[in-house]
Amino acid sequence: MARRVAAAAGPLGDDFSFVSPVAKYVLFFFNLLFWVISVVMVAVGVYARLLKHAEAAMACLAVDPAILLIMVGVLTFLITFCGCARGKVSEIINGAIVHYRDDLDLQNLIDFGQKE
């Protein structure tokens, strides 16, 4: 009976992975490091944006370094968050696919993502 259970789990077992644990934890460490850096970038960008005068900052909003810092920080934050939360991201995407026909905006977003 025990032999049958082991054979059903596969020849290498359920816990086997082709990825080295050292590589996995090094990647996780760097992912966490970049996540912290992105949070700091967003915080510095928001702080710099709040310190500027509203009139002067509105004149050249497109080239404002504080806005650029916030945008890059948010993008990095999202990418690193998805790197650490693969299960949750998969769950959200699968839920969106289930409700694909219910919402036209969701349908257009999923179509755009698949095309690009």
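Here is what the cut-offs are and how they apply
- Just so you know, the residues in each chain are numbered from 1, in the order the chain's sequence is written.
- Where local features are concerned, this predicted model is filtered to residues with pLDDT of at least 70; where side-chain atom pairs are given and counted, the filter is 80 or more; whole-chain, interface and lining totals use all residues.
- Note that water and hydrogens are dropped before the side-chain values are worked out from all heavy atoms of the structure.
- UniProt positions are given in the numbering used here, feature names are shortened, and annotations may be inferred rather than shown by experiment.
- The helix and strand labels rest on DSSP assignments: H or I over at least four residues marks a helix, E over at least two residues marks a strand, and numbering proceeds from the N terminus.
- For each residue, the accessible area found with a 1.4 Å probe, counting protein chains only, is set against the maximum for its type, and the residue is called buried under 20%, exposed over 50%, and partly exposed in between.
- When checking whether two residues touch, look at their non-hydrogen atoms; a contact exists if any pair is within 4.5 Å.
- Values of pLDDT, ranging from 0 to 100, describe the predictor's confidence in every residue of the model.
- Here a helix's expected span is defined as the number of its residues, less one, multiplied by 1.5 Å.
- This arc describes the spread of directions from the helix axis toward the C-beta atoms.
- Here a polar contact is taken to be a pair of N or O atoms separated by no more than 3.5 Å, where protein atoms must pair a possible hydrogen donor with a possible acceptor and residues adjacent in sequence count only if both atoms sit in side chains.
- To pair, rings of Phe, Tyr and Trp, with the six-membered ring standing in for Trp, must have centres within 6.5 Å; the planes then decide the type, stacked if under 30 degrees apart, edge-to-face if over 60, and tilted in the middle.

Within an unreviewed UniProt entry, the label attached to the chain reads TSN33 protein, and the organism entered is Erithacus rubecula. The record held by UniProt for the chain lists under Subcellular location (unreviewed entry) the comment "Membrane".

Colleague: Explain the overall build of the chain here, please?
Modeller: A tally of regular secondary structure across the chain gives six helices and zero strands. Taken from the N to the C terminus, the helices and strands of the chain come in the order α-α-α-α-α-α. Here the chain, with 116 residues, has 13% of them falling under the buried criterion. Contacts in the chain between residues far apart in sequence, at least 24 positions, make up 53% of those at least 6 positions apart.

Colleague: In this structure, what is going on with the confidence of the model for the chain? I would like to understand it.
Modeller: Any segment with low pLDDT has predicted coordinates that should not be analysed in fine detail. Overall, the predicted model of the chain reaches an average pLDDT of 77, with 73% of residues at or above 70. At the level of individual helices and strands, the chain shows its lowest average pLDDT in helix 1 (residues 2-9), which scores 52, and its highest in helix 2 (residues 21-51), which scores 87.

Colleague: Even after reading the chapter, I still don't get helix 6 (residues 104-115), so can you show me in this structure?
Modeller: Across its twelve residues, helix 6 extends 16 Å between first and last C-alpha, which sits within 8% of the 16 Å expected from 1.5 Å per residue. Along helix 6, the positions that sit buried rather than exposed are Leu106, Gln107 and Ile110. Down the axis of helix 6, the sector holding all buried residues measures 100°, keeping them to one side. Structural note: helix 6 exposes Leu104, Asp105, Leu109, Phe112 and Lys115 on the side pointing more than 90 degrees away from its buried face. Where helix 6 begins, the capping side chain belongs to Asp103, and its oxygen is found 3.4 Å from the backbone nitrogen of Asp105.

Colleague: What's the story with the UniProt feature "transmembrane region" (unreviewed entry) in the chain in this structure? I'm lost.
Modeller: Under the UniProt annotation, "transmembrane region" (unreviewed entry) lies at residues 25-47 and 59-81. Counted over residues 25-47, helix gives 100% and strand 0%. Its end C-alpha atoms are 33 Å apart.

Colleague: How do you make sense of the packing of aromatic side chains when you look at a structure like this?
Modeller: Describing an aromatic ring pair means giving the distance of the ring centres and the angle of the ring planes. One pass over the full model with this rule turns up two aromatic pairs. On the basis of an interplanar angle of 70° and a centroid distance of 5.5 Å, the ring pair of Phe29 and Phe30 is categorised as edge-to-face. A relative accessible area of 47% places Phe29 in the partly exposed class. Exposure remark for Phe30: the relative accessible area of 40% places this residue in the partly exposed category. Centre to centre, the rings of Trp35 and Phe77 are 5.6 Å apart; their planes meet at 35°, and the pair counts as tilted. With a gap of 42 residues between them, Trp35 in helix 2 and Phe77 in helix 4 (residues 65-84) connect regions that are remote in the sequence. Classification of Phe77 as partly exposed rests on a relative accessible area of 27%.

Colleague: Before we go on, may I ask you to explain the side chain of Thr80 in this structure?
Modeller: With respect to the helices and strands, Thr80 occurs in helix 4. What makes Thr80 buried here is its relative accessible area of 6%. Of the polar contacts made by the side chain of Thr80, one reaches the backbone oxygen of Thr76; its length is 2.9 Å. Polar contacts involving the side chain of Thr80 include one to the main-chain carbonyl oxygen of Phe77, which spans 3.1 Å. Once residues within four sequence positions are removed from consideration, Thr80 is found in contact with Asn31, Phe34, Trp35 and Ser38.

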